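Commentary on secondary and tertiary structure
Below, each chain spelled out in residue letters.
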Amino acid sequence: MAFSRSFLVRSAALALTGLIAGCSALNMDDGPVRATPHFRGDTFEIRHPSKSTIEGIDVSYFQEAVDWHAVARDDIRFAYIKATEGGDRLDERFNENFAGAARAGVLRGAYHFWYHCRPGIEQAAWFIQNVPRDDSALPPVLDIEWTPTSPTCTKRPPAAEIHRDMQAFLDALEAHYGKRPMIYTSVDFYQDRLVGAFERYPLWVRSTAVKPREAYGDRHWHFWQYTSTGRVAGVKGDADRNVFYGSDADFQTFLAESVVRPAMVAER
């Protein structure tokens, strides 16, 4: 994971808690804070924040209490919220954040942080146990990265093993939620294990030092996490900022195409 300006402090915090922050964690591609990407036609250019982009954040317990109404007023359209990790960890603020974002009118979804020392089907069962079926939610996300700072699992399985476990996880979530899951990953993990794989799934990429094309080549991405040190009203300290690739119409198409079977009634 990347050595940003706050690497030593945050690494120590992770080691003390024994928890991985998931999408909020540091990666090998950290770099200077960028201005917000601006969508123009079929390309992105780096400019100051603009209402022409569909902006979002991702959060976990690491951000502490979030004022979701303030987030909504700051033109944040969507949020991905950490739900689970491995097969036995539930983010302590998941239920609070999932409900709070909905009340504030922020379109939200849940993500699972992958644990390389647990079978994918067990991880899927844990996510399903803790994340409600809700037709208003974004597609669920599998956050898969290398975990060199994990206190319990630094395993780096071969591609065939990872792909088999990932597929079991993705199939289980798609069957349960009726939506095709999305994959979030970092540059190093993508280059090591995902090039040419899982191309029917939407991709959410992390690249804070360079534009996605420089890190992921021609692979089409749907969401881009472009900084881990952004600022958002209602979030204390650093915020992971993300942008959707496309216009409002493209975003609506993405949401519609993620549904693979009829809508389900929310369970809670």
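Residues numbered from 1 in each chain as written. Predicted model: local features only at pLDDT ≥ 70, side-chain atom pairs only at ≥ 80, totals over all residues. Heavy atoms only, no water.

1. Examining the packing of helix α5 (residues 159-177) against helix α6 (residues 187-194)
Threshold: Axis angles are defined between N-to-C directions and span 0 to 180 degrees, where every axis is a line fitted to C-alpha atoms and, for a helix, only to the segment in contact. Counting from the N terminus, the helices are DSSP H or I runs at least four residues long and the strands are E runs at least two residues long. Put simply, angles under 35 degrees are roughly parallel, angles over 145 are roughly antiparallel, angles from 65 to 115 are roughly perpendicular, and the rest are oblique. By the convention used here, residues are in contact when the closest approach between their heavy atoms is within 4.5 Å. Note on residue classes: Ala, Val, Leu, Ile, Met, Phe, Trp, Tyr, Cys and Pro are nonpolar, Asp, Glu, Lys and Arg are charged, and everything else, Gly too, is polar.
Here α5 crosses α6 at 105°, and the two axes come no closer than 10 Å. Here α5 lies roughly perpendicular to α6, going by the angle between them. For the pair α5 and α6, the contacting residues are A159, I162, H163 and M166 in the first and F189, R193 and L194 in the second. When the residues that make up the contact of α5 with α6 are grouped by side-chain class, the tally is five nonpolar, one polar and one charged.

2. Some details on the packing of aromatic side chains
Here a ring pair, both rings aromatic, is described through the centre-centre distance and the interplanar angle of the planes. For the record, the criterion: Only rings of Phe, Tyr and Trp enter the pairing, Trp through its six-membered ring, and a pair is recorded when the two centres are within 6.5 Å. The plane angle decides the type: under 30 degrees is stacked, over 60 is edge-to-face, the rest tilted. Note on exposure labels: buried denotes an accessible area under 20% of the residue type's maximum, exposed denotes more than 50%, and partly exposed covers the range between, all computed with a 1.4 Å probe on protein chains only. Both a distance and an angle decide whether a charge sits over a ring: NZ of Lys or CZ of Arg must be within 6 Å of the ring centre and within 35 degrees of the ring normal.
Counted under the stated rule, the structure contains 20 aromatic pairs. Where W114 meets F169, the ring centres are 5.7 Å apart and the plane angle is 80°; that geometry is what we call edge-to-face. Placement of the pair is W114 in the loop between β6 (107-113) and α4 (120-130) and F169 in helix α5, with a sequence separation of 55 residues. For the pair formed by W114 and F169, the shared burial category is buried. Pairwise contacts between aromatic rings join F78, Y80, Y184, W204, F223, F244, F251 and F254 into one cluster. Seen from the ring of F98, R108 lies directly overhead, with NZ or CZ sitting 3.8 Å from the centre. In this structure, R156 is placed above the aromatic ring of W146, and the distance from its NZ or CZ to the ring centre is 4.1 Å.

3. Some points on the nonpolar core
One recurring pattern in soluble globular proteins: nonpolar side chains tend to sit buried together. Here is the rule: What is meant by a nonpolar core is a set of buried Ala, Val, Leu, Ile, Met, Phe, Trp, Tyr and Cys residues, joined one to another through side-chain atoms within 4.5 Å.
If you look at the biggest cluster of nonpolar residues, it comprises 49 residues, and the most contacted ones within it are I57, W68, V71, I144 and I183. In contact with I57, not counting residues within four places along its chain, are W68, V71, I76, F78, A79, Y80, V232, V235, D240 and N242. Membership of the second largest hydrophobic core comes to 14 residues, among which are Y111, M182, F244 and F251.

4. What to know about the side chain of E85
Put simply, the test is: Polar contact is defined as a pair of N or O atoms within 3.5 Å, subject to the rule that within protein one atom must be able to donate a hydrogen and the other to accept it, and that residues adjacent in sequence are counted only when both atoms are side-chain atoms.
Tracing the backbone shows E85 in strand β4 (residues 78-85). Owing to a relative accessible area of 7%, E85 belongs among the buried residues under this scheme. At a separation of 2.7 Å, a polar atom in the side chain of E85 contacts the side chain of K82.

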